[in-house]
Amino acid sequence: MKRVIGLLLGAALALLPAAVGAEEAKIVVASKIDTEGSLLGSMIVALLEAHGLAVDNKLQLGPTNIVRAALLAGQIDIYPEYTGNGALFFHLEQDPVWKDWAKGAAKVAALDREQNHLVWLAAAPANNTWTIALRQELAERHNLKTMDDFAKYLAGGGAIKLAASVEFVESPAALPAFEATYGFRLKDAQLLTLSGGNTSATLRAAAEGTSGVNAAMAYGTDGALAALGLTALEDDKGAQVVYAPAPVVREAVLQQQPEIAKVLDPVFATLSLETLQQLNAKIAVEGEDAGAVAKAYLKSKHFLP
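Residues numbered from 1 in each chain as written. Predicted model: local features only at pLDDT ≥ 70, side-chain atom pairs only at ≥ 80, totals over all residues. Heavy atoms only, no water.

To continue, consider the overall build of the protein. A count of helices and strands for the protein gives 15 helices and 10 strands. The globule rule puts the C-alpha radius of gyration for 305 residues at 19 Å, and the 20 Å found for the protein is close to it. Judged by the C-alpha coordinates and their principal axes, the protein covers about 65 × 40 × 30 Å. For the protein, buried positions account for 51% of its 305 residues. (Helix = DSSP H or I, 4+ residues; strand = E, 2+ residues; numbered from the N terminus. Rg over C-alpha atoms; globule rule 2.2 N^0.38 Å. Buried < 20%, exposed > 50% of the residue type's maximum accessible area, 1.4 Å probe, protein only.)

Okay, the pattern of salt bridges next. Going through the model one piece at a time under the given rule, you end up with 9 salt bridges. A salt bridge links Glu179 to Arg185, with the nearest nitrogen and oxygen atoms 3.3 Å apart. Overall, Glu179 belongs to the buried group, its relative accessible area being 10%. According to the relative accessible area criterion, Arg185 is exposed, its value standing at 66%. (Salt bridge = Lys/Arg side-chain N within 4 Å of Asp/Glu carboxyl O.)

The subject of this paragraph is the environment of Asp289. Tracing the backbone shows Asp289 in the loop between α14 (273–284) and α15 (290–300). Look at Asp289 and you get exposed, because its relative accessible area is 52%. In the structure, Asp289 is positioned 103 residues away from Leu186 in sequence and 39 Å away in space, judged by C-alpha atoms. A distance of 3.0 Å separates the side chain of Asp289 from the backbone nitrogen of Gly291, its partner in a polar contact. At 3.0 Å, the side chain of Asp289 forms a polar contact with the backbone nitrogen of Ala292. (Polar contact = N/O pair within 3.5 Å; in protein donor to acceptor, adjacent residues only side chain to side chain.)

Moving on, we get to the packing of aromatic side chains. Throughout the structure, instances matching the rule amount to 4 aromatic pairs. Between Trp130 and Tyr219, the aromatic rings sit 6.4 Å apart at their centres with planes inclined by 15°, giving stacked as the arrangement. Of the two residues, Trp130 sits in strand β5 (residues 130–135) while Tyr219 sits in strand β8 (residues 215–219), which places them 89 residues apart along the sequence. Of the two residues, Trp130 and Tyr219, neither departs from the other in class, the shared state being buried. Put simply, the rings of Trp130, Phe168, Phe178 and Tyr219 pair up and form one aromatic cluster. Sitting over the ring of Phe89, Arg68 keeps its end group 4.0 Å from the ring centre. (Phe/Tyr/Trp six-rings, centres within 6.5 Å; stacked < 30°, edge-to-face > 60°. Lys NZ or Arg CZ within 6 Å of the ring centre and 35° of its normal.)

The contact between helix α2 (residues 35–50) and α15 brings their axes to 8 Å, and the two run at 60°. Taken together, the axes of α2 and α15 are oblique relative to one another. Handedness of the α2/α15 crossing: right-handed. Contacts between α2 and α15 involve Ser38, Leu39, Ser42, Met43, Ala46 and Leu47 on the former and, on the latter, Ala290, Gly291, Val293, Ala294, Lys295, Tyr297 and Leu298. Taken together, the residues that form the contact of α2 with α15 break down as 9 nonpolar, 3 polar and 1 charged. (Axes fitted to C-alpha atoms, helices over the stretch in contact; angles between N-to-C directions. Parallel < 35°, antiparallel > 145°, perpendicular 65-115°, else oblique. Left-handed = near helix turned anticlockwise from the far one by under 90°. Contact = heavy atoms within 4.5 Å. Nonpolar A, V, L, I, M, F, W, Y, C, P; charged D, E, K, R; others polar.)

Formed by 36 residues in total, the largest nonpolar core has its most connected members in Met43, Ile260 and Leu271. A total of 8 residues in this core trace back to one element, the largest contributor, which is α2. In this structure, Ile260 is in contact with Ile27, Leu48, Leu53, Ile78, Leu121, Val253 and Leu254, ignoring residues within four places of it in sequence. Counting 27 residues, the second largest nonpolar core, distinct from the first, contains Ile132, Leu138, Phe178 and Phe184. (Core = buried A, V, L, I, M, F, W, Y, C linked by side-chain atoms within 4.5 Å.)

Within the secondary structure, Leu186 sits in the loop between α9 (175–182) and β7 (191–194). Separated by 54 residues in the primary sequence, Leu186 and Ile132 have C-alpha atoms spaced 13 Å apart. What Leu186 contacts, discounting residues up to four positions off in sequence, is Leu154, Leu162, Leu175, Glu179 and Leu191.

Next up on the list: the pairing of strand β2 (residues 55–62). Across 5 bridges, the pairing between strand β1 (residues 27–32) and β2 is parallel. In the strand pairing of β2, Val28 is matched with Asp56. Crossover handedness for the path β1 to α2 to β2: right-handed. (Pairing = 2+ DSSP bridges. Right-handed = clockwise from strand over helix to strand, strands pointing away.)

Along α15, the positions that sit buried rather than exposed are Ala290, Gly291, Val293, Ala294, Tyr297 and Leu298. What you see down the axis of α15 is that its buried residues fit within an arc of 165°, all on one side. Looking at the buried side of α15, the elements it contacts are α2, α13 (259–268) and α14. Its side-chain oxygen 3.0 Å from the backbone nitrogen of Gly291, Asp289 forms the N-cap of α15. Where α15 ends, the next residue or the one after it, His302, has phi of about 65°, a positive value. (Arc of directions from axis to C-beta.)

What follows is the structure, given as structure tokens:
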């Protein structure tokens, strides 16, 4: 999961392939092992290559701690990260700045450039944070679009049973943060708590109505949402940290190849929440190759010939 970065730097680097960074003339592009990381990393690779830049492809390198450590060590040059992870990278979890898309992006960019000589390029107008998703017919029948709508529905006696992980239910930053911000509290009978943190299980439980479930823990850009007929509620009061995806590049590399920003910024500006949901679905639900999905999207938007 993208938020977990707890391994020690040395242990992380020990797991890296020996070949990373071996060819100094190439821009080493990496990504995390999740669906969206592979999608965004594939876009970066395709765009840089299309503009005549030599690339060393190290996509799906590992989880956050591995990839972040590799970037800090100069073993990779660029990878897609999430702005909200700045809260953990710089031990500022209590700073409310992370709950604002623009302020969080500016904060992590300033801190990383000053302390680590890393540059955050333009962030996508999307938020891959924790959310609650409802069965579409329920959302439409009661006009539930936001978490505020959800709280009012509950206050009026609306029937809800939420499938979620133990972490989501117990972590102060997850369900308790929603409850505190919107003024509701789910009882044990309104929860189906599943072991592990995989949203695919919670989403399927809601889609299939398992044990009366009609709501699920999700991430904002989950590809399975639309495919399973679920609607993600908007966090209109900012209960959650914003996780906007953006490429992060070593400053020295960007100074040598300033066109990297010119190539990537316009593309990431087009990656809305709905767009990422659709693209992720092609990979996670329909089984298409991440690289092929990335190239098809870039061609459709005329970023590639």
